[in-house]
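# Chain and residue survey
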Amino acid sequence: MVVEPVIPQFAPQLLESLFLDGFCVLDSVLSAEECAGIRQTITHMRAEGEFRPAQIGTGPSKQLRPDIRCDWVSWLGDPIPPALRPVFDQVEKIRMCLNQAWFLGLFRYEAHLTVYPPGSFYAKHVDQFRLVQHRKISCIFYLNENWLPEEGGALVLYNQEGQVLREILPLARRMVLMFADRIPHAVAKTTRERQSVTGWLCSRD
Ligand code: OGA
Ligand code: MN
């Protein structure tokens with residue numbers, strides 16, 4: 001029986017790159033207008049004071065460590081702001097595609113809006129917590145038009161030996177997916193404000 005991939009335009013590239021490299025870069029996800037709508041929502045939510053300095057760790061060990069990460073985040077919960085609906089719909093298709101292909105048991109999506117002010121960064125890390133391992137696939141969707149390499153802020157992926165594997169610019173309409181437990185990565189210091197929707201496909205807790 002042939003099972004149709006749920007997202008025909010991305011499925012072959014998505015599955016092949018994730019399988020071979022542990023990460024995948026998808027471009028031209030959503031429209032420029034949809035991205036602009038999300039940026040407007042960020043502007044609005046910031047004015048309402050809905051962003052907080054990001055913390056590291058989980059549960060009781062959660063802490064502010066501006067020497068490790070200095071981005072600002074706003075967690076997305078019900079109701080999802082309408083501008084974010086297209087991202088959630090796209091991630092839902094990816095979730096079904098991965099479950100269909102590999103039986104990953106991906107069950108829910110948790111996400112926050114992220115702003116890196118000029119001068120901020122996130123030091124090298126992996127996304128899966130050591131004790132709580134439900135984060136399986138990291139999904140980062142970028143919102144920044146016309147990003148230039150000299151503006152910094154690249155997502156830097158490393159191999160297990162600590163060598164740089166790839167530097168990915170945070171360009172609007174780009175989505176990066178990676179296995180949350182195996183790809184060490186960092187956000188290089190940015191000189192320009194850098195916005196994204198950062199989330200994880202999770203298995204049952
Ligand atoms: C993260 C992270 C990368 C990026 O929030 O865990 O690694 O490119 N983000 O924003
Ligand atoms: Mn990360």
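What this report covers is the structure whose coordinates are included nearby. (Residues numbered from 1 in each chain as written. Chains lettered and ligands numbered in written order. Predicted model: local features only at pLDDT ≥ 70, side-chain atom pairs only at ≥ 80, totals over all residues. Heavy atoms only, no water.)

## Here's the deal with unusual backbone geometry
A cis amide bond links Asp 78 with the next residue in sequence, Pro 79, at an omega value of -5 degrees. Although it is not a glycine, Leu 30 sits at a positive phi angle of roughly 65 degrees. Along the chain, the position of Leu 30 falls in the loop between β1 (23-26) and α2 (32-47). For Leu 30, a relative accessible area of 13% translates into the label buried. Phi at Phe 103 is positive, roughly 50 degrees, even though this residue is not glycine. Within the element layout of this structure, Phe 103 appears in the loop between α3 (85-102) and β4 (108-116). On the accessibility criterion, Phe 103 (71% relative accessible area) is exposed. (Helix = DSSP H or I, 4+ residues; strand = E, 2+ residues; numbered from the N terminus. Buried < 20%, exposed > 50% of the residue type's maximum accessible area, 1.4 Å probe, protein only.)

## A few points about the coordination of the manganese ion (ligand 2)
Bound to the manganese ion (ligand 2) on the protein side are His 125 (NE2), Asp 127 (OD) and His 185 (NE2), at distances that span 2.1 Å. Read N to C, the donor residues that coordinate the manganese ion (ligand 2) are spaced as H-x1-D-x57-H. Of this pair, His 125 sits in strand β5 (residues 122-125) while His 185 sits in strand β10 (residues 185-187), and the two are 60 residues apart along the sequence. The exposure class of His 185 is buried, given its relative accessible area of 4%. (Donors = N, O, S within 2.8 Å, 3.2 Å for Na, K, Ca; no water.)

## Some remarks on the site of ligand 1
Looking at ligand 1, the residues that line it are Arg 69, Tyr 122, His 125, Asp 127, Ile 140, Tyr 142, Leu 155, His 185, Val 187, Arg 194, Thr 198 and Trp 200. Within the side chain of His 125, one N or O atom sits 3.1 Å away from an oxygen atom of ligand 1. In isolation ligand 1 exposes 290 Å². Once the protein is present, 98% of that is buried. When residues of the shell around ligand 1 are traced back to their parent elements, those giving at least two are β5, β6 (135-142), β10 and β11 (194-202). Looking at the shell around ligand 1, its residues break down into 6 nonpolar, 3 polar and 3 charged. (Near = heavy atom within 4 Å. Polar contact = N/O pair within 3.5 Å; in protein donor to acceptor, adjacent residues only side chain to side chain. Areas by Shrake-Rupley, 256 points an atom, 1.4 Å probe, with all protein chains shown as cover. Nonpolar A, V, L, I, M, F, W, Y, C, P; charged D, E, K, R; others polar.)

## Points about the packing of aromatic side chains
In this structure the tally under the stated criterion is 4 aromatic pairs. Taking 4.9 Å as the distance between ring centres and 70 degrees as the angle between the ring planes, the aromatic pair formed by Phe 88 and Tyr 109 counts as edge-to-face. With Phe 88 in helix α3 and Tyr 109 in strand β4, the pair connects residues that are 21 residues apart, well separated along the chain. Just as Phe 88 is buried, Tyr 109 falls in that class too. (Phe/Tyr/Trp six-rings, centres within 6.5 Å; stacked < 30°, edge-to-face > 60°.)

## Quick notes on the sheet that holds β6
Taking strand neighbours across the sheet as the criterion, the 7 strands line up as β1-β9-β6-β11-β4-β3-β2 in an open arrangement whose pairing is antiparallel. Where the open sheet ends on each side, the last strands, each with one partner, are β1 and β2 (52-53). Looking at chain direction, β4 and β11 are connected through 9 bridges and run antiparallel. By the bridge assignment for β11, His 112 is matched with Thr 198. In the packing of helix α1 (residues 11-21) onto the sheet, contacts are made with β1 and β9 (175-179), and the angle to β1 comes to roughly 150 degrees. Across the face of the sheet, α2 comes into contact with β3 (72-75), β4, β6 and β11 while running at roughly 70 degrees to β4. (Pairing = 2+ DSSP bridges. Contact = heavy atoms within 4.5 Å. Axes fitted to C-alpha atoms, helices over the stretch in contact; angles between N-to-C directions.)

## Quick word on the nonpolar core
Counting 37 residues, the largest nonpolar core has Phe 141 and Val 197 as the members making the most contacts within it. When residues in this core are grouped by element, the largest group, 6 residues, is from α3. Membership of the second largest hydrophobic core comes to 10 residues, among which are Phe 23, Ile 140, Met 178 and Ile 183. (Core = buried A, V, L, I, M, F, W, Y, C linked by side-chain atoms within 4.5 Å.)

## Here we look at the packing of α1 against α3
At a closest axis distance of 11 Å, the pairing of α1 and α3 adopts a crossing angle of 65 degrees. For α1 against α3, the interelement crossing comes out right-handed. Counting all contacts with α1, which are made through Ala 11, Leu 14, Leu 15, Leu 18 and Phe 19, the residues of α3 involved are Ile 94, Cys 97, Leu 98, Ala 101 and Trp 102. For the contact of α1 with α3, the per-class residue count stands at 10 nonpolar, no polar and no charged. (Left-handed = near helix turned anticlockwise from the far one by under 90°.)

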